[in-house]
Amino acid sequence: MSQATFYLSRSLLSATMSAGLLLTTGLDNSTPALEFNPPGDSAPSNSVGGGARGDVQFGTPGDRAPSNSVGGGSRGDVQFGTPGDRSPSNSVGGAVRSDTPLQMTAVIPPTKVGRTVSARPTFFVYLPPTLSRAAFFSLQDEQGNPHYQTRLSISGTGGIVSVTLPENAPALEMGKNYMWVFAPIQPDGILRPDNYVVTGWVKRVATENNQSFSSPIEQATALAKAGIWYDTLRVLAAAKRLEPNNTNLLKEWRELLEQVGLNAIAKEPIAEQL
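Residues numbered from 1 in each chain as written. Predicted model: local features only at pLDDT ≥ 70, side-chain atom pairs only at ≥ 80, totals over all residues. Heavy atoms only, no water.

Notes on the pattern of salt bridges
According to the stated counting rule, one finds 4 salt bridges in the structure shown. Across the pair Lys176 and Asp141 runs a salt bridge whose closest N-O atoms are separated by 3.9 Å. With Lys176 in the loop between strand S9 (159-164) and strand S10 (177-185) and Asp141 in strand S7 (residues 134-141), the pair connects residues that are 35 residues apart, well separated along the chain. Here Glu255 ties to Lys251 by a salt bridge, and the two come within 3.4 Å at their closest N and O atoms. You can see Glu255 and its partner Lys251 sitting in helix H4 (residues 247-259), 4 residues apart, about one turn around the helix. Judged by relative accessible area, which is 15%, Glu255 ranks as buried. (Salt bridge = Lys/Arg side-chain N within 4 Å of Asp/Glu carboxyl O. Helix = DSSP H or I, 4+ residues; strand = E, 2+ residues; numbered from the N terminus. Buried < 20%, exposed > 50% of the residue type's maximum accessible area, 1.4 Å probe, protein only.)

What follows is the structure, encoded as structure tokens:
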């Protein structure tokens, strides 16, 4: 699957600037197979911006889930099950650069929609080596109202970086769709309309209480089976950081990304927590 990278639209730039911008153990090999189960939610329409949409498709909540081309059987312990979410509509951007190897990529299923059980989830982006030393992150609701935004320091060395909403950020409301935007800021310190950005959608859902797990893989397995994308990634990434040389964790991480078409970045290192 190719992941479209968009130019930052002038309308989104204007909105963010006016809102105040220029201001992330051990494993048990006997655990059950971990498959991600995409839930099939429909992404909301979004009126932010204009220009080319690339492979981002329009879909309103409640529409029938698209067919899923991620096929085959279990490819490892961690397997993602499709919940039925559809990709969001997104009019942010301009020229699509889907043919560029190892382009900046949102670590998200091809629907561009993911669920979380966290009030303040963690988002993942593959960031190629860059001269930029700062990035802009924004979260907004379906109507384009800002929920949270910040400027982040980055090393520029590249890899899969993570952004976790801090405790002082408003909690995500249950069942509500939010669009997130990640954009490196040019070395001159200015966020311009031609900045590349990646976008994705997140929706917070309820989960069963009082669940206990014997290992990160067991926890990730349960989350993936329920179609909880962002938390599946968070659990595996945290375990990988604790045991960077654990080959089983490395395999599970790579195969999880490959399940949803992110083959190009599946072997990239998990880098800094922004």
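Picking up after the structure, the text goes on.
Some details on the sheet that holds strand S4 (residues 105-106)
Taken in spatial order, the 4 strands line up as S4-S6-S9-S12 in an open sheet, and their pairing is mixed. Looking at the sheet topology across the chains shown, the edges are occupied by S4 and strand S12 (270-273). Bridge analysis of strand S6 (residues 122-127) against S9 gives 6 bridges, and the strand direction is antiparallel. Within the sheet, the bridge partner assigned to Thr122 lies in S9 and is Thr164. (Pairing = 2+ DSSP bridges.)

Concerning the side chain of Asp141
Given a relative accessible area of 7%, Asp141 falls into the buried group. Separated by 2.8 Å, the side chain of Asp141 and the backbone nitrogen of Asn145 make a polar contact. If we skip the residues at most four places from it in the chain, Asp141 touches Lys176, Asn177 and Tyr178. (Polar contact = N/O pair within 3.5 Å; in protein donor to acceptor, adjacent residues only side chain to side chain. Contact = heavy atoms within 4.5 Å.)

Considering helix H2 (residues 216-225)
Note on helix geometry: an α-helix contains 3.6 residues per turn, so any two residues three or four positions apart are oriented the same way. Taken together, the buried positions of H2 are Pro216, Ile217, Ala220, Thr221, Leu223 and Ala224. Following H2 by one or two positions, Gly227 has its phi on the positive side, about 75 degrees.

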